[in-house]
Amino acid sequence: MTLEDYRSDMEMCCRCSICKFIPMERIVGTQHSYVCPSIAKYEYHTYSGGGRMGFGLAMLDGRLEYTNKLLEVVYNCHMCGACDVSCKYAMDMEVLEPINEVRIKCVEDGHTVPALDSVINNMRKHGTMVPGVKARRGQWAEGLDVKDATQQKTKVMYHAGCRTCYDKDIWKVAQAAVKLLQKTGVDLGIAGDNEICCSGRAYQMGYKTDFLKQAEQNMELIKRSGSEILVTGCSECYYAFKVLYDKFNLKGNLEVLHTTEYLARLIKEGKLKPTKKVAARVTYHDPCHLGRQGEPYMHWEGKLLTADHIRLFDPPKEFRRGTYGIYEPPRDILRSIPGLKLVEMDRIKEYAWCCGAGGGVKETNPEFARWTASKRISEAESTGAEVIVTACPGCEQSFSDTIKDNRSSLKVYDVIELLEKAI
């Protein structure tokens, strides 16, 4: 697909501004009505989903030249997909896809930003998008006695992900996940030092060619291991393996599960039993790429019969609306823990506010990333929770840094950490 393929979607935008807010009947107050961080921060239509659709059309028609301001708008987007699902509450049109294609066109035309070029060059050279790393990629797993999936056949492969592998503060999450899976007798392996980046973030930054090259390498490694199931605790890795690899017909029959999905299943089967009390009042943050963007990719082949404001497809086209993301497994785990009280924020599930870590914004505009995270921290504090719980290392890093900056009393945990405490 190219930007041209989404022309009718972009032409269909009527500037209703639904992409900026959560659906009206879900709004409980003006404080938490916005769904898109970019428009909430910059307060100018161009920064919204609809605004980006407008200049996507202008780029196609040659009415827009590349300028520093254009690139500033293009890359000040977390690619969280909130505009997309809010629009699709009432409309049948793609919003996030053309926004992503605008970035791909920028890269193909040679208009990028140095911060993202640096990240991608690091992935090309070292297989990770985390620059300046000193630890070995598989160092987090030392002493776990887990199979090397590059040397031994294994049914289940655990993919830790770049952020986890190179942040010692998050090693404990991956270690807990492996221990819990081993406890149930799962035939588990890891790639260790040979694990490479899923490259999902590269695609969201617009570097489609680099994404595809890395994805093919990943699938070759997985196929050689004999793995039937890939499990990851990183929501961006989950999105890459489950959705993007499927979109480009690379996933095959591989079953992709988030750690919360797999462990919630094992709890229901009685193979894991949380029995120890964990007394805490917690609120759960839905990661964008596990939640609204984590639902299965929907393949469709057909033709557009009409290209007016009411479009007809043959055969009928089903749209990804965020409805079937991974929402209940993390919550099921939290509810299964004795002593834990779960309280919800105003914006949850497909309408959750982003943590600020996605889309390359943390690299290009860290101030905007912190601002976005601060808004979510304030929302979590308004529930009276002592702990904000998530299921993604990117979210955990973003919240931990912002809590320190804001001197908040909130604590941050991954769902898996709390489950380990209870078992």
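Residues numbered from 1 in each chain as written. Predicted model: local features only at pLDDT ≥ 70, side-chain atom pairs only at ≥ 80, totals over all residues. Heavy atoms only, no water.

Colleague: How would you sum up unusual backbone geometry? Please name residues and give values.
Modeller: The residue after Asp314, namely Pro315, is reached through a cis peptide bond having omega -5°. Locating Pro315 in the fold gives a position in the loop between strand S8 (311-314) and helix H14 (328-336). Even without being glycine, Ser17 reaches a positive phi, approximately 75°. Here Ser17 is to be found in the loop between helix H1 (7-12) and helix H2 (37-42). Although it is not a glycine, Asn249 adopts a positive phi angle of roughly 55°. Position of Asn249 among the secondary structure elements: in the loop between helix H12 (235-247) and strand S5 (255-258). (Helix = DSSP H or I, 4+ residues; strand = E, 2+ residues; numbered from the N terminus.)

Colleague: Can you tell me about helix H6 (residues 96-108), naming the residues and giving the values?
Modeller: The end-to-end C-alpha distance of H6, which contains 13 residues, comes to 18 Å, matching closely the 18 Å that a straight helix rising 1.5 Å per residue would cover. By the criterion of burial, H6 is predominantly enclosed, with 10 of the 13 residues buried. The set of residues buried in H6 consists of Leu96, Glu97, Pro98, Ile99, Asn100, Glu101, Val102, Arg103, Ile104 and Cys106. Looking one or two residues past H6, Gly110 carries a phi angle of roughly 80°, positive in sign. (Expected span 1.5 Å × (residues − 1). Buried < 20%, exposed > 50% of the residue type's maximum accessible area, 1.4 Å probe, protein only.)

Colleague: Outline the sheet that holds strand S2 (residues 156-159), supporting the account with residue identities and numerical values.
Modeller: Spatially, S1-S3-S2-S4-S5 is the arrangement adopted by the 5 strands of the open sheet, whose pairing is parallel. Here the strands that pair on one side only, and so sit at the sheet edges, are strand S1 (147-148) and S5. The pairing of S2 with strand S3 (residues 188-190) spans 3 bridges and is parallel. Within the sheet, the bridge partner assigned to Val156 lies in S3 and is Leu188. Its contacts with the sheet put helix H13 (residues 259-268) on S2, strand S4 (229-232) and S5, and the angle it makes with S5 is roughly 85°. (Pairing = 2+ DSSP bridges. Contact = heavy atoms within 4.5 Å. Axes fitted to C-alpha atoms, helices over the stretch in contact; angles between N-to-C directions.)

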